Number of protein chains: 2
Amino acid sequence: MSTTTRGPSDHNIRDQIVDAAMEYFSHYGFEKTTVSDLARSIGFSKAYIYKFFSSKQEIGEVICTNCLTEIARRLEAALAASSSATEKIRTLFQVIALGGTELFFRERRLYDIAAVSSRDRWAAAVDYEAGLRKTVVDILQEGRSAGEFEQTTPLDETAAAVYLVLRPLADPIQLQIYLDTAEADAALLTAVVLRSLKP
Amino acid sequence: MSTTTRGPSDHNIRDQIVDAAMEYFSHYGFEKTTVSDLARSIGFSKAYIYKFFSSKQEIGEVICTNCLTEIARRLEAALAASSSATEKIRTLFQVIALGGTELFFRERRLYDIAAVSSRDRWAAAVDYEAGLRKTVVDILQEGRSAGEFEQTTPLDETAAAVYLVLRPLADPIQLQIYLDTAEADAALLTAVVLRSLKP
């Protein structure tokens, strides 16, 4: 085989492998399957897959990044449509709880990958967490400027606390426990947070 | 062997088995060990252990009940020493976070049993949760009567929400994620809850 040049077609093949892998892991799980299993199932040789990805984890990371990016995209759109900081807190809790529920547990069953990514602190999970923390700070600053939220507690402390309340719904390992009640739980937690933010 | 009469000495032997099993599971874990392993290690025959317990789970349940009862006992004592409902909220979060950390992860490493009990909804875990929910209601009622807490939100809703904020620290499966920061996290969550309860 000659030396490969990485061009658009290689990108297409990478995408094809990722799509097929997402389908495969969604059915058979991530932790207990191998690249050989995956290759056999999607009709590529194992060696061919290894031309594009150095490990199963690398494939998993791309899938995980895609999913978390999708939740972040939904969140961004929903926040842009929310008219106040108060409304944005509500949106934040709802979209995170429902987005995670759908993408990791229902539409696509990628819980396995999400759980490993959270447990092993993959870059995708760490970035997602950092993005959520930043979103919380932004909403709090907006609400403080608008006089909607109290300003006595240091911003850092409030942001850390709000993120901590949100975290069980954002972390797939924990979200699993709240699956059946995620929407109602998000509403209850939102109410606590909003009462705690009252000026 | 003649028919056994269950008297004080049988109770002693049960306690001996439970103590030895707690030591054993603390070292070797609960999920991946068998009653045969345990019997061999503590020098009893498997048949003899089965005279007192019908399954490994039954032994695990007694150990779990003992641990959760110990946390509940510590909580009760600490609450009795707390001078106001506000102080009791602080006490609740601290004792639950630290009691769980110590009993399941540090002094005794019984995380394994605690996690199975939570996942499989053993009676000990269900009772513990019900006890905590009742404690939350009691503290809220005390704080409302004393004028320390707001009374606008229905009590049921506030109680469900406060329990939901506490839950990551009370559930061993979730607590594992917060182990290194349990004390600081308990303080942050307490602050949110207390601000949300302000009249």
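Residues numbered from 1 in each chain as written. Chains lettered and ligands numbered in written order. Predicted model: local features only at pLDDT ≥ 70, side-chain atom pairs only at ≥ 80, totals over all residues. Heavy atoms only, no water.

Would you explain the relation of the copies chain B and chain A in this entry?
Least-squares fitting of chain B to chain A yields an RMSD of 0.0 Å, with the superposition described by an axial translation of 0.0 Å and a rotation of 180°. Read as a symmetry element, the transformation amounts to a two-fold axis. Relative to the rotation axis, the C-alpha of Ser196 of chain B is the closest in chain B, positioned 1.9 Å from it. An overlap of 100% is found between the interface residues of chain B and their copies at the interface of chain A, pointing to a shared contact surface. (Least-squares fit on C-alpha atoms with pLDDT ≥ 70 in both. Contact = heavy atoms within 4.5 Å.)

Looking at this structure, I do not really get helix H4 (residues 56-80) of chain B. What am I missing?
Taking 1.5 Å per residue as the helical rise, H4 of chain B with its 25 residues ought to reach 36 Å, and the 36 Å between its terminal C-alpha atoms agrees with that figure. Taken as a whole, H4 of chain B has its buried residues at Lys56, Ile59, Gly60, Ile63, Cys64, Cys67, Leu68, Glu70, Ile71, Leu75 and Leu79 of chain B. (Helix = DSSP H or I, 4+ residues; strand = E, 2+ residues; numbered from the N terminus. Expected span 1.5 Å × (residues − 1). Buried < 20%, exposed > 50% of the residue type's maximum accessible area, 1.4 Å probe, protein only.)

Quick question: what am I supposed to make of empty space enclosed by the protein here?
Over the atoms, a rolled probe matching the size of one water molecule traces out where space is still vacant. All told, the structure shown has two cavities of 30 Å³ or more when counted by the stated rule. Here the largest cavity is characterised by a volume of approximately 60 Å³. Every residue lining the largest cavity is listed: Leu164, Val165, Pro168, Tyr178 and Leu189 of chain A together with Leu164, Val165, Pro168 and Leu189 of chain B. Taken together, the residues that form the lining of the largest cavity break down as nine nonpolar, no polar and no charged. Of the pockets and cavities examined, the second largest cavity occupies roughly 30 Å³. (1 Å grid on protein atoms, 1.4 Å probe; cavity = no way out; pocket = protein on both sides within 12 Å on 5 of 7 lines; lining within 4 Å. Points joined across faces, edges and corners; volume = space filled by probe spheres on them. Nonpolar A, V, L, I, M, F, W, Y, C, P; charged D, E, K, R; others polar.)

Would you mind showing me how to read the interface of chain B and chain A here?
With 22 residues of chain B in contact, the opposing surface of chain A contributes 22 residues. Both faces combined, the contact of chain B with chain A buries some 2000 Å², and carbon together with sulfur accounts for 69% of it. One can count two salt bridges joining chain B with chain A. Across the pair Arg195 of chain B and Glu150 of chain A runs a salt bridge whose closest N-O atoms are separated by 3.6 Å. Across the chain B-chain A interface, the total number found is five residue pairs in polar contact (both at pLDDT 80 or more). Secondary-structure elements contributing two or more residues to the side of chain B that touches chain A are helix H8 (155-170), helix H9 (172-178) and helix H10 (182-197) of chain B. With eight residues, H8 of chain B is the largest single contributor of residues to the side of chain B that touches chain A. Residue composition of the side of chain B that touches chain A, grouped by class: 12 nonpolar, four polar and six charged. (Buried area = accessible area lost by both parts, 1.4 Å probe. Salt bridge = Lys/Arg side-chain N within 4 Å of Asp/Glu carboxyl O. Polar contact = N/O pair within 3.5 Å; in protein donor to acceptor, adjacent residues only side chain to side chain.)

I keep staring at the domain arrangement of chain A and nothing clicks. Help me out?
Residue and element names in this part refer to chain A. Here chain A is partitioned into domain 1 (8-54) and domain 2 (59-197). A separation of 30 Å is found between the C-alpha centroids of domain 1 and domain 2. Contacts between the two partners involve 12 residues from domain 1, matched on the other side by 13 residues from domain 2. Between domain 1 and domain 2, the buried area comes to about 1100 Å², and carbon and sulfur atoms account for 73% of it. Taken as a group, Met22, Ser26 and Phe30 account for 47% of the area that domain 1 buries against domain 2, more than any other trio of residues on that side. At the surface where domain 1 touches domain 2, the tally comes to one salt bridge. Its salt-bridge partner being Glu31, residue Arg119 comes within 3.5 Å of it at the nearest N-O pair. Where domain 1 meets domain 2, there are three residue pairs in polar contact (both at pLDDT 80 or more). For the side of domain 1 that touches domain 2, the leading source of residues is helix H1 (residues 8-28), giving six residues. (Domains from an automatic or database assignment.)

Could you clarify how one ought to interpret the packing of aromatic side chains in this entry?
The description of an aromatic ring pair uses the distance of the two centres, along with the angle that the planes make with each other. Counted according to the given criterion, the structure contains 12 aromatic pairs over all chains. Ring geometry for Tyr24 of chain B and Phe25 of chain B: centres 5.9 Å apart, planes at 65°, overall edge-to-face. No difference in accessibility class separates Tyr24 of chain B from Phe25 of chain B, as the two residues are buried. For the ring pair Tyr24 of chain B and Tyr28 of chain B, a centre distance of 4.8 Å and an interplane angle of 35° mean the geometry is tilted. Separated by four residues within a single helix, Tyr24 of chain B and Tyr28 of chain B lie in helix H1 (residues 8-28), roughly one turn from each other. Residue classification places Tyr24 of chain B among the buried residues on the basis of a relative accessible area of 10%. Exposure remark for Tyr28 of chain B: the relative accessible area of 56% places this residue in the exposed category. Grouped by ring-pair contacts, the aromatic residues Tyr24, Phe25, Tyr28, Phe30 and Trp122 of chain A constitute a single cluster. Directly above the ring of Tyr178 of chain B sits Arg167 of chain A, whose terminal nitrogen or CZ lies 4.9 Å from the centroid. Looking at Lys56 of chain B, its charged tip hangs above the ring of Phe30 of chain B, at a distance of 4.6 Å from the centre. (Phe/Tyr/Trp six-rings, centres within 6.5 Å; stacked < 30°, edge-to-face > 60°. Lys NZ or Arg CZ within 6 Å of the ring centre and 35° of its normal.)

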